[in-house]
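Letter by letter, the chains look like this.
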Amino acid sequence: MDKGARYAHVSVGSFDRFEGKQFVKEATGATSCEISFGTLASGAAVPFFHSHKANEENYIILSGAGRFQVDGDVFDIAEGSVVRVSTACDRNIKCTSAEPMTYICIQAKEGSLGDYTMTDAEIHERESLL
Ligand code: ZN
């Protein structure tokens, strides 16, 4: 882990060896969202449905394929899929591919994003130390 006054860097390691679920908010000290990494073995689903009261979730599928359920709707997902789920609805995710499915879930307060890339970012000239 690398940590400075204005940043924190953590790693969950290589996705091909990653197993289970890992939340990184505590390790990074994030204040705007919760990020977790998850993996599901072939045929496995999260063992429960859940909803959130205040936070929306954005699931990003990094590898594998499966099915996603939001209340009574079910659809296919695969590497590259991004799924946003609102508050107050049940969700679950299942791996249907032969290989495990690895995904990131970003959880943030619904409706909290004001400015973003085109209105919040500023480009600066400075010496690169890379
Ligand atoms: Zn959740």
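Residues numbered from 1 in each chain as written. Predicted model: local features only at pLDDT ≥ 70, side-chain atom pairs only at ≥ 80, totals over all residues. Heavy atoms only, no water.

Novice: Explain the overall build of the chain residue by residue, including any values.
Specialist: When its secondary structure is counted, the chain shows two helices and 10 strands. In sequence order, the secondary structure elements of the chain are arranged as β-β-β-α-β-β-β-β-β-β-β-α. Seen along its three principal axes, the alpha-carbon backbone of the chain occupies a region of about 50 × 35 × 25 Å. Expressed as a percentage of contacts within the chain between residues at least 6 apart in sequence, the contacts between residues at least 24 apart total 62%. Accessible area for the chain stands at about 9,100 Å²; split by element, carbon and sulfur atoms hold 51% of it. Across the chain, the centroid of the 12 positively charged side chains sits 6 Å from that of the 19 negatively charged ones. (Helix = DSSP H or I, 4+ residues; strand = E, 2+ residues; numbered from the N terminus. Contact = heavy atoms within 4.5 Å. Areas by Shrake-Rupley, 256 points an atom, 1.4 Å probe, with all protein chains shown as cover. Lys, Arg positive; Asp, Glu negative; His and termini not counted. Charge placed at Lys NZ, Arg CZ, Asp CG, Glu CD.)

Novice: Which residues make up the nonpolar core, and what are the values?
Specialist: Counting 15 residues, the largest nonpolar core has Tyr-59, Phe-68 and Ile-93 as its most contacted members. Put simply, the parts of the chain that give this core at least two residues each are β5 (55-63), β6 (65-70), β8 (82-85), β9 (91-95) and β10 (101-109). Examining the composition of this core, we find that three residues originate from one element, β10, more than from any other. Excluding anything up to four places from it in sequence, Ile-93 contacts Leu-40, Ala-44, Ala-45, Val-46, Tyr-59, Ile-61, Arg-67, Phe-68, Ile-77, Met-101 and Tyr-103. (Core = buried A, V, L, I, M, F, W, Y, C linked by side-chain atoms within 4.5 Å. Buried < 20%, exposed > 50% of the residue type's maximum accessible area, 1.4 Å probe, protein only.)

Novice: Can you lay out the coordination of the zinc ion for me, pointing to particular residues and giving the numbers?
Specialist: For a metal with four tetrahedral donors the ideal donor-metal-donor angle is 109.5 degrees, whereas six octahedral donors ideally subtend 90 or 180 degrees. His-50 (NE2), His-52 (NE2) and Glu-57 (OE) make up the full set of protein donors to the zinc ion, lying at 1.9 to 2.0 Å. Within one chain, the residues serving as donors to the zinc ion are arranged as H-x1-H-x4-E. (Donors = N, O, S within 2.8 Å, 3.2 Å for Na, K, Ca; no water.)

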